[in-house]
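What the coordinates show
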Amino acid sequence: MIVAVLASLAAGACFAGAGVLQQRSASARPADEALSWRLLWHLLRQRMWVSGIALAILAYVFQALALAFGPLSLVQPLIVCELLFAIPLSARLYRVRLGAREWGGVLAVAAGLSAVLVTTRPSGGDPATARLGPWLLAMGAVAAVTAGALVARTCVTGVWRASLIALAAGTVMGFQSVLLNATVARVPRGFAAVFSAWQTYLLVVASIGGLLLIQSAFQEGPLAATMTVMDTAEPVVAVVVGTTLFGETLRLDWPLVALTVSGVVATVIGIIRLDTSPAITALHRQDALRREQAAGDGGAAPSVPEGEPPHGT
């Protein structure tokens, strides 16, 4: 069990570092590259961003190691601790001090997500039982939520725009997890079963589209407004779609339901407190300034502006 705990924490730290490096790179790209394949093309040529991707791959290795020695109910909540690494590290790099409001928001999201992940563990189910009709309904629902979030982002300003793009990214990546589950379930039947299934090719599309949305969210705003939302949306979508398609069951005992609801409430409150935080708004302004400087310098990433660091409240 100690191996599972240490590997889970290592995975969380690597995910945090990956997020910081990717957000740092993406936030310096000009605003006109948002939701454009040009964003990925330019990021692929940046050593810092590629290092972030390498860290993410290492994180998945640690996650696999943790799952080999411990149950999912232990590993997932510990990995969520990435928020406790990533957001303070990002704030430190930008010379922004987090106050009680920001720390409270981060802890609320981490604790709330952990509670939800522990209490909503689906069991049973068979990916092979999913029929085309439910698949089409699931794809329609995911497309509607994703499109709705991207449209809604045009109606708001500041860190809320970043959070809405992150919601779209988390929704797509949650559905990607479902597609991955369906693809892996076909592996024992041979490569022909894997590559003859349309889910395999949709998995590739969802993975690439999700990557673009994630980087666009990182480009638009700080980790406190993006990683928190993505970490919330991804497991929620995966659980809801997985239980609907595959016939998985959730434990609905009254104490667990109460803890799940409490976790959801804490997560939402934490996200709202972070999105309305003056310190996080200061981070967003610094990102906007870097994008403006990058546009003026032909896309080169500028340094973080010097000066007295804003305080959290």
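In short, a report on the structure. Remember, predicted model here, so these are calculated numbers, not experimental data.

Concerning the overall build of the chain
The secondary structure content of the chain amounts to 13 helices and zero strands. The helix and strand sequence of the chain, counted from the amino end, reads α-α-α-α-α-α-α-α-α-α-α-α-α. Since a compact globule built from 313 residues should have a radius of gyration of about 20 Å, the 19 Å found for the chain is in line with a globular shape. Seen along its three principal axes, the alpha-carbon backbone of the chain occupies a region of about 60 × 40 × 40 Å. Expressed as a percentage of its 313 residues, the buried residues of the chain come to 49%. Across the chain, every contact between residues at least 6 apart in sequence was considered, and the portion connecting residues at least 24 apart equals 84%. Within the structure as shown, the chain displays about 14,300 Å² of accessible surface, and the carbon and sulfur contribution to it stands at 70%. A gap of 2 Å separates the mean positions of the 20 positive and 16 negative side-chain charges of the chain.

A closer look at the environment of L93
Inspection of the secondary structure puts L93 in helix α5 (residues 82-93). Looking at L93, the relative accessible area reads 37%, which means it is partly exposed. Between the C-alpha atom of L93 and that of V20, which follows or precedes it by 73 residues, the distance is 9.2 Å.

Quick notes on the side chain of T146
Relative to the helices and strands, T146 resides in helix α7 (residues 132-152). With relative accessibility at 10%, the residue T146 sits in the buried group. Beyond its immediate sequence surroundings of up to four residues, T146 is in contact with A168, T171, V172 and L213.

Looking at the packing of α7 against helix α8 (residues 159-184)
Two numbers describe how α7 lies on α8: the axes approach to 7 Å, and their chain directions differ by 160 degrees. With respect to their mutual orientation, α7 and α8 come out roughly antiparallel. Crossing geometry of α7 relative to α8 is assigned as left-handed. Of the residues in α8, those in contact with W135, A138, M139, V142, V145, T146, A149, L150 and A152 of α7 are L164, I165, L167, A168, T171, V172, F175, V178, L179 and A182. Classifying every residue of the contact of α7 with α8 by side-chain character gives 17 nonpolar, two polar and no charged.

Some remarks on a nonpolar patch on the surface
Where nonpolar side chains cluster on the molecular surface, the patch consists of I2, V3, L6, L65 and F69 and spans about 460 Å² of accessible area. For the nonpolar patch, the secondary structure elements donating two or more residues are α1 (2-26) and α3 (47-69). With respect to the helices and strands, L6 occurs in helix α1.

Brief notes about the pattern of salt bridges
Throughout the structure, instances matching the rule amount to two salt bridges. Between E220 and R161 there is a salt bridge, with the nearest N and O atoms lying 3.5 Å from each other. With E220 in helix α10 (residues 198-220) and R161 in helix α8, the pair connects residues that are 59 residues apart, well separated along the chain.

What about the packing of aromatic side chains?
Scanning the entire structure with this criterion turns up five aromatic pairs. With 5.1 Å between their ring centres and 85 degrees between their planes, F15 and Y60 make a pair best called edge-to-face. Taken together, the residues span a long stretch of sequence, with F15 in helix α1 and Y60 in helix α3 at a distance of 45 residues. Three or more aromatic residues joined by ring pairs form one cluster here, namely W135, F175, W198 and F246.

Thoughts on the environment of A149
Along the chain, A149 falls in helix α7. The sequence separation of A149 and A166 amounts to 17 residues, and the corresponding C-alpha distance is 8.7 Å. Here A149 is in contact with L164, L167 and A168, once residues within four sequence places are set aside.

Criteria and cut-off values
Residues numbered from 1 in each chain as written. Predicted model: local features only at pLDDT ≥ 70, side-chain atom pairs only at ≥ 80, totals over all residues. Heavy atoms only, no water. Helix = DSSP H or I, 4+ residues; strand = E, 2+ residues; numbered from the N terminus. Rg over C-alpha atoms; globule rule 2.2 N^0.38 Å. Buried < 20%, exposed > 50% of the residue type's maximum accessible area, 1.4 Å probe, protein only. Contact = heavy atoms within 4.5 Å. Areas by Shrake-Rupley, 256 points an atom, 1.4 Å probe, with all protein chains shown as cover. Lys, Arg positive; Asp, Glu negative; His and termini not counted. Charge placed at Lys NZ, Arg CZ, Asp CG, Glu CD. Axes fitted to C-alpha atoms, helices over the stretch in contact; angles between N-to-C directions. Parallel < 35°, antiparallel > 145°, perpendicular 65-115°, else oblique. Left-handed = near helix turned anticlockwise from the far one by under 90°. Nonpolar A, V, L, I, M, F, W, Y, C, P; charged D, E, K, R; others polar. Patch = residues over 30% accessible without salt bridge, like charges linked within 9 Å, V, L, I, M, F, W, Y side chains within 5 Å. Salt bridge = Lys/Arg side-chain N within 4 Å of Asp/Glu carboxyl O. Phe/Tyr/Trp six-rings, centres within 6.5 Å; stacked < 30°, edge-to-face > 60°.

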